[in-house]
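# Analysis of the macromolecular model
For reference, the chains in residue letters:
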Amino acid sequence: MKKLIFTIFGSTGDLTSRKLLPALSKLYKDNKIPKETKIICLGRKDLNTKSYLTYMNDESSAPLDLKTLEQIVEYHKIQITDKNDYNELKKIISKETDNQTKQLYYLAIGPELFFDVAQNINHSGLIEKANENQLIIFEKPFGHDLKSAKKINQMLWEFFDEKQIYRIDHYLGKEMIQNIMMVRFANRIFEEVWYNRTIKNVKIIVKETDGIFNRGGYYDQSGALKDMVQSHLIQMLSMVSMEVPLSYHSEDVKNEKVKAIENVSFDSNSFIFGQYEGYLNEDKVNKDSKTETFVFIKAFVNTPRFKGVPFYLMTGKKLDQKESVIIVEFEETSEQRKWNLPLSTNKLYIKIAPDDGVGLKFNSKVPGLTGDVQEVELEYCAACNAVGNLSEAYEKLLLEATESHKTLFTRWDEIELSWKLIEHIKEKQTDPIIYNDYKALQVLIKEKMDVKMP
Ligand code: BG6
């Protein structure tokens, strides 16, 4: 790729200032994307490039790298629903492109605008169906239920080839999520024991301390199930539980992930829903809302490899700490019982945030004259071993898209199956309990589900 044109629709929003511009300026500065890169930012606001960057810098929680962005960004005012404006846009982009140019179109807009924008992009000839140098990228919400997700997808297929569609789940760009496959398949000691005869349970946990900020309008319609479980948690579950893919290539990996999701089931009474105290006072939240800000799910993956192993999925806002982690707990040995040793189990921690790394808990003799056994931990810190800082998820994902690598993006059938699971859970959803303390939730989970969540 000699040249890159990266066009952002909805470029005055929060996603662009917090994630896209920082990632793109970093990639450019580190020479990961071509010297000849142009970022075309589109929005309704009456701004020029200079005032746009100042505006975005003021909006951003961390200062933007303006020096770098000034070299590559160009702002244009456009009504994205007006097809006439696309002719102008086509002229601007055509001036910059030849057949070696990679063109990425990022939809940082609400799904209600997808149809108009996709149609305009297609009709104006900005993206020609099946031209693999022209890609479209967007992210959740992929609809608000199975039906609407299908509709969006059908529409996208009308205008673009699946090969041109990049659906972002930003969790797949996280260092340690990418590492799940390496830990599983590049280590004899883990690959050999990745079965129900040795694994006791798997916990997939995403705890947050923040509330919903000013996202009440979206969040109250969505809740933790659709906001987090449908995407990030089901993706993690599929990567932990899938069979060995034929290769590391995108389609092989996705085929196995899909089979894992297809095999997920729940017992009745396997769910706990919560809502944080004070949620009803948040802006744009219904005063009698029953939307869950916390969810706990006990699921099973009914494959020969994992039959009978509970997968505990838990996510919530306003909890005790910000932490994303996968904990694989192994069975005790028969000797631990026979010899009356402490029954602490081996646990593998895939630590996604805040510290990226891997931990392994195992039993070891207490040093010295005693014969007692204690639980000890081996730790690997990915950030400590990285050259420079660990890259942010968006940096990785945008770079992968510029190189047309699709492994870290979701395929339609993964999304479709995830929505089916969510609809299934929704049928069984009960009113949330109100919480203001994570400890109380831990106690409840222990009582109802007989599992201790960290
Ligand atoms: C987003 C959700 O997809 O993920 C947010 O919409 C959530 O509600 C966020 O806060 C969590 O992501 P991270 O990377 O901070 O764990």
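Quick caveat, the model's predicted, so the values are computed rather than measured.

### Observations concerning the overall build of the protein chain
For the protein chain, the count of helices and strands is 15 helices and 16 strands. Projected onto the principal axes, the alpha-carbon positions of the protein chain cover approximately 80 × 50 × 40 Å. Residues counted as buried form 51% of the 454 residues belonging to the protein chain. When contacts within the protein chain are restricted to residue pairs at least 6 apart in sequence, those whose partners lie at least 24 apart make up 74%. In the structure as shown, the protein chain presents an accessible area of about 21,200 Å², 48% of it carried by carbon and sulfur atoms. Averaging the coordinates of the 63 positive side-chain charges in the protein chain and doing the same for the 67 negative ones gives two points 1 Å apart.

### Some words on the packing of helix 9 (residues 216-241) against helix 14 (residues 412-427)
Contact geometry for helix 9 and helix 14: axes closest at 10 Å, N-to-C directions at 130°. Here helix 9 is positioned oblique relative to helix 14, judged by the angle of their axes. In the packing of helix 9 onto helix 14, the handedness of the crossing is right-handed. Contacts from Leu225, Lys226, Val229, Gln230, Ile234 and Gln235 in helix 9 reach Glu414, Ile415, Ser418, Trp419, Leu421, Ile422, Ile425 and Lys426 in helix 14. Class assignment of the residues belonging to the contact of helix 9 with helix 14 gives a composition of 8 nonpolar, 3 polar and 3 charged.

### Examining helix 1 (residues 14-29)
Every α-helical turn comprises 3.6 residues, leaving residues that sit three or four positions apart pointing alike. For helix 1, built from 16 residues, the straight-helix expectation of 22 Å at 1.5 Å per residue is met to within 8% by its first-to-last C-alpha distance of 22 Å. Taking the largest bend as the criterion, helix 1 deviates by roughly 35°, centred on Leu20, and proline Pro22 comes between one and four positions later. Asn31 sits one or two positions beyond helix 1 and adopts a positive phi of about 60°.

How each quantity is defined
- Residues numbered from 1 in each chain as written.
- Predicted model: local features only at pLDDT ≥ 70, side-chain atom pairs only at ≥ 80, totals over all residues.
- Heavy atoms only, no water.
- Helix = DSSP H or I, 4+ residues; strand = E, 2+ residues; numbered from the N terminus.
- Buried < 20%, exposed > 50% of the residue type's maximum accessible area, 1.4 Å probe, protein only.
- Contact = heavy atoms within 4.5 Å.
- Areas by Shrake-Rupley, 256 points an atom, 1.4 Å probe, with all protein chains shown as cover.
- Lys, Arg positive; Asp, Glu negative; His and termini not counted.
- Charge placed at Lys NZ, Arg CZ, Asp CG, Glu CD.
- Axes fitted to C-alpha atoms, helices over the stretch in contact; angles between N-to-C directions.
- Parallel < 35°, antiparallel > 145°, perpendicular 65-115°, else oblique.
- Left-handed = near helix turned anticlockwise from the far one by under 90°.
- Nonpolar A, V, L, I, M, F, W, Y, C, P; charged D, E, K, R; others polar.
- Expected span 1.5 Å × (residues − 1).
- Bend = angle between axes of the 7 residues up to and from the residue.

On their own, these measurements won't tell you what the molecule is for.
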